[in-house]
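So you can see what is in the structure, the chains are spelled out below.
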Amino acid sequence: MHEMGIVLHLAKTLDQTAAEEKLSRISKVTLQVGEVSGIITDLFVDAWNYFKPRHPVLADSELVLEEIPAVTWCDSCKSKYETVRYGRTCPYCGSGETWLLQGNECVIKEIEAE
Amino acid sequence: MKIIKLGEKITAANDREAEALRQRLKEKGILLINLMSAAGSGKTTLLSRIIKDMKETRIGVMEADIASDVDAVRIEALGARAIQVHTNGMCHMDAGMTAEAVDALGDDELDLIFLENVGNLICPAEYDTGAGKKLMILSVPEGDDKPLKYPLMFMESDALVISKMDAREFFPFDMEAFTDRVRILNPDIKIFPVSAKTGEGMEALEGWLSEALEEWRS
Ligand SMILES: Nc1nc2c(ncn2[C@@H]2O[C@H](COP(=O)(O)OP(=O)(O)OP(=O)(O)O)[C@@H](O)[C@H]2O)c(=O)[nH]1
Ligand SMILES: [Mg+2]
Ligand SMILES: [Zn+2]
């Protein structure tokens, strides 16, 4: 399962951060997840709950997911539009020369720790 | 209690491991190529052909699969050095697994190492394995709409092989529409239409591999 792999890498990155910053306990992890990052929130939370007890610093850590809306930029008419609603084709000029500006990221925004 | 602002990618630890592996291989003059495609696009068949054609290049192959061993057996039968890596259910290879696989294969007396990634058009593109180049395959039977559905691998790859060109007449594959879709995602990608069965297009691809190796070592 895809989400399993992502959480595995998240846990690894957090373990490393904890070691570097000499943290004993991470009580809260806030992630920013893009609307079109392909991450299914429910599966992600299931995977998180599975991995948590296996990483001592994360044992009672709370996970917060913040969604970042997906926005596409049209190169032809220089406008922005909602990616999920219109896809790759610009609703203003019909061009396909469009680029995702934001919305596929998956970033660890901050952690609360001691 | 303190709040630490990270703004770091989830895969930050993986990315650091990948960079370390890339540097290690660069110092040894070995080019690691991450070969990615959907299941059955012709990765093992293409590698077999490359091994037969590029006799003067010392090639090692790491076959990643969720569970089976058949691909490594096919490569070893050609006399190339090969190992099988099991991902134990994971749908992709990451840098840690790749570094372990390189150790198991042995990195002495090799020029090129191919990592045949798990057959999957989505997840492998999301993880840096530490490879110096990324090569992907899209086979004609899969259809010309794949860049629209699965853009990331097309965006991430240095080169794209369009495989099974010998079967083109049997499938409604619009080559022009396909390459346009790919170039919108990745203007710099090199595209090689190939048939591993007839040998069509193999020379151009193998030329690119030799150049990439030379460039890696300079
Ligand atoms: N006609 C034709 N068939 C091909 C070509 N290349 C591969 N095939 C066939 O496609 C099938 C899959 O090829 P493989 O090389 O095993 O594909 P793969 O990507 O390694 O598959 P997985 O490792 O399972 O993901 C086999 O039946 C091959 O004989 C080609 O150039 N032309
Ligand atoms: Mg194979
Ligand atoms: Zn427009």
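Residues numbered from 1 in each chain as written. Chains lettered and ligands numbered in written order. Predicted model: local features only at pLDDT ≥ 70, side-chain atom pairs only at ≥ 80, totals over all residues. Heavy atoms only, no water.

Visitor: Can you lay out the layout of surface pockets for me, pointing to particular residues and giving the numbers?
Guide: By volume, the largest pocket is sized at about 1,300 Å³. If you trace the largest pocket, you find 41 residues lining it, with Val36, Ser37 and Asn104 of chain A together with Glu126 and Leu152 of chain B closest to the centre. If you list the elements that add at least two residues to the lining of the largest pocket, you get helix H1 (2–21), strand E5 (98–102) and strand E6 (106–113) of chain A together with helix H5 (146–149) and helix H6 (151–156) of chain B. Its volume calculated, the second largest pocket comes out at about 150 Å³. Secondary structure elements with two or more residues in the lining of the second largest pocket: helix H2 (43–53), strand E3 (59–65) and helix H3 (70–76) of chain B. Tallying contributions element by element places H2 of chain B first for the lining of the second largest pocket, with three residues. When the residues that make up the lining of the second largest pocket are grouped by side-chain class, the tally is three nonpolar, seven polar and five charged. (1 Å grid on protein atoms, 1.4 Å probe; cavity = no way out; pocket = protein on both sides within 12 Å on 5 of 7 lines; lining within 4 Å. Points joined across faces, edges and corners; volume = space filled by probe spheres on them. Helix = DSSP H or I, 4+ residues; strand = E, 2+ residues; numbered from the N terminus. Nonpolar A, V, L, I, M, F, W, Y, C, P; charged D, E, K, R; others polar.)

Visitor: Just give me the short version of the sheet that holds E5 of chain A, but keep the residues and values in it.
Guide: Residue and element names in this part refer to chain A. Sheet architecture is open: three strands sit in the order E4-E3-E5, paired in antiparallel fashion. Edge positions in the sheet fall to strand E4 (79–82) and E5, since each has one partner strand and no second. Neighbour-to-neighbour, the strand axes of the sheet open up by a mean angle of 35 degrees, direction not taken into account. Of the strand pairs in this sheet, strand E3 (residues 71–74) and E4 are connected by four bridges, and their pairing is antiparallel. Residue Cys74 lies in a different strand from E4, and its bridge partner there is Ser79. (Pairing = 2+ DSSP bridges. Axes fitted to C-alpha atoms, helices over the stretch in contact; angles between N-to-C directions.)

Visitor: Break down the coordination of the magnesium ion (ligand 2) for me, with residues and values.
Guide: Residue and element names in this part refer to chain B. Around the magnesium ion (ligand 2), the protein supplies Thr44 (OG1), Asp71 (OD) and Glu116 (OE) as donor atoms, at distances of 2.1 to 2.2 Å. Read from N- to C-terminus, the donor residues coordinating the magnesium ion (ligand 2) fall into the pattern T-x26-D-x44-E. You can see Thr44 sitting in helix H2 and its partner Glu116 sitting in strand E5 (residues 112–116), a full 72 residues away along the chain. Among the residues examined, Thr44 registers a relative accessible area of 4% and is labelled buried. (Donors = N, O, S within 2.8 Å, 3.2 Å for Na, K, Ca; no water. Buried < 20%, exposed > 50% of the residue type's maximum accessible area, 1.4 Å probe, protein only.)

Visitor: Account for the packing of aromatic side chains, naming residues and giving values.
Guide: This structure, assessed with the given rule, holds five aromatic pairs over all chains. Note on Tyr81 of chain A and Tyr86 of chain A: the rings are 6.0 Å apart at their centroids and 80 degrees apart in plane angle, and the pair reads as edge-to-face. The exposure class of Tyr81 of chain A is buried, given its relative accessible area of 4%. Measuring from centroid to centroid gives 5.1 Å for Phe173 of chain B and Phe178 of chain B, while their planes differ by 50 degrees, and the two rings are tilted. Here Phe173 of chain B matches Phe178 of chain B in class, with each residue buried. Above the face of the Tyr50 of chain A ring, Arg54 of chain A is positioned so that its terminal group lies 4.0 Å from the ring centre. (Phe/Tyr/Trp six-rings, centres within 6.5 Å; stacked < 30°, edge-to-face > 60°. Lys NZ or Arg CZ within 6 Å of the ring centre and 35° of its normal.)

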